[in-house]
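Survey of secondary and tertiary structure
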Amino acid sequence: MSTAPAYTVVLDWLERQLRSGELRVGDKLPAERTLAEDFGISRASVREAVRILAAMGLVRSATGSGPHSGATVISDPSAALGWALRMHIATRSLPVADVVSTRVLLETQSSLDAARSDVPERTAVLEQATALLDRMDRPDVADAEFHCLDAQFHFQLASLGGNVVLETIMASLREATIGYVQETVAATSDWPGVRAGLQHQHREILRATLDREGELAARLLREHILWFYALVPDEAGSTGSE
């Protein structure tokens, strides 16, 4: 019968501390030596726990000495989820087609929620989304920046629904498929045409969102995502995603 690795006691302890409020975002973890003594494990096991927590987006480590050294509690769930999803997509355990279908479900639901939502920052968010598209229209914007702005645009619209969990998962899905975005662009013979098509679609989506036409925005988002997804098939017969 296998036993759990020694470092799991630190993970369980941190979960309890966070749930109880004993530790909060911004707090420092006890020193490595202290944790090792408290739990009767090696300092190597404590370091392994901290590395895992960092990969999970729960702590940030700083080397050296002084007030800024050690591990600090943070909360960056989308980065951790995106990294994990990307790795599992690479193993083919998670088909890209299924990942994209999930993104369609989430973004369309988000557009419906946004049409009904009145978050205080709605006007500012939509102004920022408009500014992002204006920057993407500039001919001197490199492809890498275009993709980054594209991701920010979608995230801005998703934030209008006011569902933090949905926003986090959406950001993770986009992070997980970034490799397929790059592969699709590299394999596309008419990227300038595709880029112009994406921008036209973005503008239509933004217009529907501004007008609170949730059903229309949801339909446009679905068509937008699947249009890009269908551009370039991979060797397995599926395709990449925006």
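Above this text is the structure in question.
Attention here is on the structure that accompanies the text. (Residues numbered from 1 in each chain as written. Predicted model: local features only at pLDDT ≥ 70, side-chain atom pairs only at ≥ 80, totals over all residues. Heavy atoms only, no water.)

**Considerations on the packing of helix α5 (residues 96–116) against helix α7 (residues 143–159)**
- Two elements in contact, α5 and α7, have axes separated by 8 Å at closest approach and are oriented at 50 degrees. The angle between the axes of α5 and α7 places the two elements in the oblique class. Only His-154, Leu-157 and Ala-158 of α7 make contact with α5, whose side of the interface consists of Arg-103, Glu-107, Ser-110 and Ala-114.
- Across the contact of α5 with α7, the residue classes break down as three nonpolar, two polar and two charged. (Axes fitted to C-alpha atoms, helices over the stretch in contact; angles between N-to-C directions. Helix = DSSP H or I, 4+ residues; strand = E, 2+ residues; numbered from the N terminus. Parallel < 35°, antiparallel > 145°, perpendicular 65-115°, else oblique. Contact = heavy atoms within 4.5 Å. Nonpolar A, V, L, I, M, F, W, Y, C, P; charged D, E, K, R; others polar.)

**A few points about α7**
- Between its terminal C-alpha atoms α7 stretches 24 Å, which fits the 24 Å expected from 17 residues at 1.5 Å a residue.
- Three or more residues of α7 are buried, namely Phe-146, His-147, Leu-149, Asp-150, Phe-153, His-154, Gln-156, Leu-157, Ala-158 and Ser-159.
- Those residues of α7 hidden inside the fold are in contact with α5, α6 (122–137), α8 (164–176), α9 (178–187), α10 (191–210) and α11 (214–229). (Expected span 1.5 Å × (residues − 1). Buried < 20%, exposed > 50% of the residue type's maximum accessible area, 1.4 Å probe, protein only.)

**A look at the packing of aromatic side chains**
- Enumeration according to the criterion identifies two aromatic pairs in this entry.
- Aromatic pair Phe-146 and Trp-191: ring centres 5.7 Å apart, planes at 90 degrees, arrangement edge-to-face. One end of the pair, Phe-146, is in helix α7; the other, Trp-191, is in helix α10, and 45 residues separate them in sequence. (Phe/Tyr/Trp six-rings, centres within 6.5 Å; stacked < 30°, edge-to-face > 60°.)

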